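Architecture and fold: a report
Single-letter residue listing:
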Amino acid sequence: MGARLSYGTLAPEGLARMRELEHYLNTGTGLEAVLQELVRLRTSVMNGCEYCIELHTKELRKLNEPEERIAGIADWRSSTAYTQRERAALAWAEAVTDIQDGHAPDELYDQVRAHFSDLETVNLTLTITTINAWNRLAIALGSYSHRG
């Protein structure tokens, strides 16, 4: 779907702030680019955001990720293609994205904490919440190129 509203034009300051946060997440967190893109792709698949699914699939390909890992993101639990750190991040992404039932359980938080420092846990959670915000904008108001 094209944009229902030209929200980048209507709210340029708000979108600029979101892009600033994306810049920080991509350059200032120390989190691996592949891990962040896997989380963004999984979250976008959960939310059904076709625009973001396409975008983050392309980003993973640019990072030379094998097609098996990209295509298998929806069923990552049954795959051995993901590291323990990635698995913890993907489980956390699902929990933070789907908070309607049970919120983010302590068990999953403990799994994340086994693989991520305090700061990494905050930055991972910011990555997840930010892609959820982009997904919701694209789903509600139409696609908008937020990368670039």
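Everything below is about the structure shown above.
First things first, this report covers the structure right here in the doc. In this text the structure is predicted, and so the values were computed from the model without any measurement. (Residues numbered from 1 in each chain as written. Predicted model: local features only at pLDDT ≥ 70, side-chain atom pairs only at ≥ 80, totals over all residues. Heavy atoms only, no water.)

**Points about the state of the cysteines**
For clarity, the cut-off: Any pair of cysteine sulfurs within 2.5 Å is marked as a disulfide. For the exposure calls, accessible area comes from a 1.4 Å probe over protein chains only, and a residue counts as buried if that area is under 20% of its type's maximum, exposed if over 50%, partly exposed in between.
Tallied over the full model, the rule gives 0 disulfides. Summary of cysteine pairing: Cys49 is not part of a disulfide, and the nearest cysteine sulfur, belonging to Cys52, is at 3.4 Å. A relative accessible area of 1% means that Cys52 is categorised as buried.

**Some thoughts on the nonpolar core**
A general feature of soluble globular proteins is that nonpolar side chains tend to end up buried together. As a reminder, the rule being used: Only buried residues count toward a nonpolar core, which is a set of Ala, Val, Leu, Ile, Met, Phe, Trp, Tyr and Cys residues joined through side-chain atoms within 4.5 Å. Elements are defined by DSSP. Helices are runs of H or I of four residues or more, strands are runs of E of two residues or more, and each kind is numbered from the N terminus. Any two residues having at least one pair of non-hydrogen atoms within 4.5 Å are treated as being in contact.
Core analysis: the largest hydrophobic core is formed by 26 residues, its most contacted members being Phe116 and Leu124. Residue assignment for this core shows that the elements contributing at least two residues are α3 (33-47), α4 (50-62), α6 (84-97), α7 (106-115) and α8 (118-141). If one sorts the elements of this core by residue count, α6 sits on top with 8 residues. With sequence-adjacent residues up to four places away left out, Leu124 is seen in contact with Leu31, Leu35, Val39, Ala89, Trp92, Val112 and Phe116. If you look at the next biggest cluster of nonpolar residues, it comprises 8 residues, including Tyr7, Leu15, Cys52 and Trp134.

**Side note on the packing of aromatic side chains**
Aromatic rings considered in pairs are described by the distance between their centres and by the relative angle of their planes. Here is the rule we go by: Side-chain rings of Phe, Tyr and Trp (the six-membered ring for Trp) are treated as a pair once their centres are within 6.5 Å; stacked means planes under 30 degrees apart, edge-to-face means over 60, and tilted covers the remaining angles.
Evaluated as defined, the whole model comprises 1 aromatic pair. Taking 5.9 Å as the distance between ring centres and 55 degrees as the angle between the ring planes, the aromatic pair formed by Trp92 and Tyr109 counts as tilted. On the criterion of sequence distance, the pair formed by Trp92 in helix α6 and Tyr109 in helix α7 is long-range, its members being 17 residues apart. Given the relative accessible area of 35%, Tyr109 is considered partly exposed.

**A few points about α4**
Rule in force here: In this analysis, the expected span of each helix is defined as 1.5 Å times one less than the number of residues it contains.
Here α4 is 13 residues long and its end C-alpha atoms lie 18 Å apart, about the 18 Å a rise of 1.5 Å per residue gives. Every buried residue of α4 is accounted for by Cys52, Ile53, Leu55, His56, Thr57, Glu59 and Leu60. Looking at the packing, one finds that the buried side of α4 touches α3, α5 (67-71) and α8. Asn64 occupies a position one or two residues after α4 and carries a positive phi of about 65 degrees.

**Looking at the pattern of salt bridges**
For clarity, the threshold we go by: A pairing counts as a salt bridge when a side-chain nitrogen of Lys or Arg comes within 4 Å of a carboxyl oxygen of Asp or Glu.
In total, this model carries 14 salt bridges according to the counting rule given. Counted as one network, the salt bridges with shared partners bring together Glu13, Arg17 and Glu20.

**Considerations on the side chain of Gln36**
Relative to the helices and strands, Gln36 resides in helix α3. The buried category is assigned to Gln36, whose relative accessible area is 1%.

**A few points about the packing of α3 against α8**
Going by this rule: Think of each axis as a best-fit line through the C-alpha atoms, taken over the contacting stretch in the case of a helix, with angles from 0 to 180 degrees between the N-to-C directions. If an angle is under 35 degrees, it is roughly parallel; if it is over 145, roughly antiparallel; if it lies from 65 to 115, roughly perpendicular; otherwise it is oblique. The crossing is said to be left-handed when, going from far helix to near helix, the turn is anticlockwise and less than a right angle, and right-handed when the turn is clockwise. Here the nonpolar group is Ala, Val, Leu, Ile, Met, Phe, Trp, Tyr, Cys and Pro; Asp, Glu, Lys and Arg are the charged ones; every other residue, Gly included, is treated as polar.
At their nearest, the axes of α3 and α8 sit 9 Å apart, and the two run at 40 degrees to each other. One way to sum up the angle between α3 and α8 is to call them oblique. Regarding α3 and α8, the two cross each other, and that crossing is right-handed. Only Leu124, Thr127, Ile128, Ile131, Asn132, Asn135, Arg136 and Ile139 of α8 make contact with α3, whose side of the interface consists of Leu35, Gln36, Val39, Arg40, Thr43, Ser44 and Asn47. In terms of residue class, the contact of α3 with α8 is built from 6 nonpolar, 7 polar and 2 charged.

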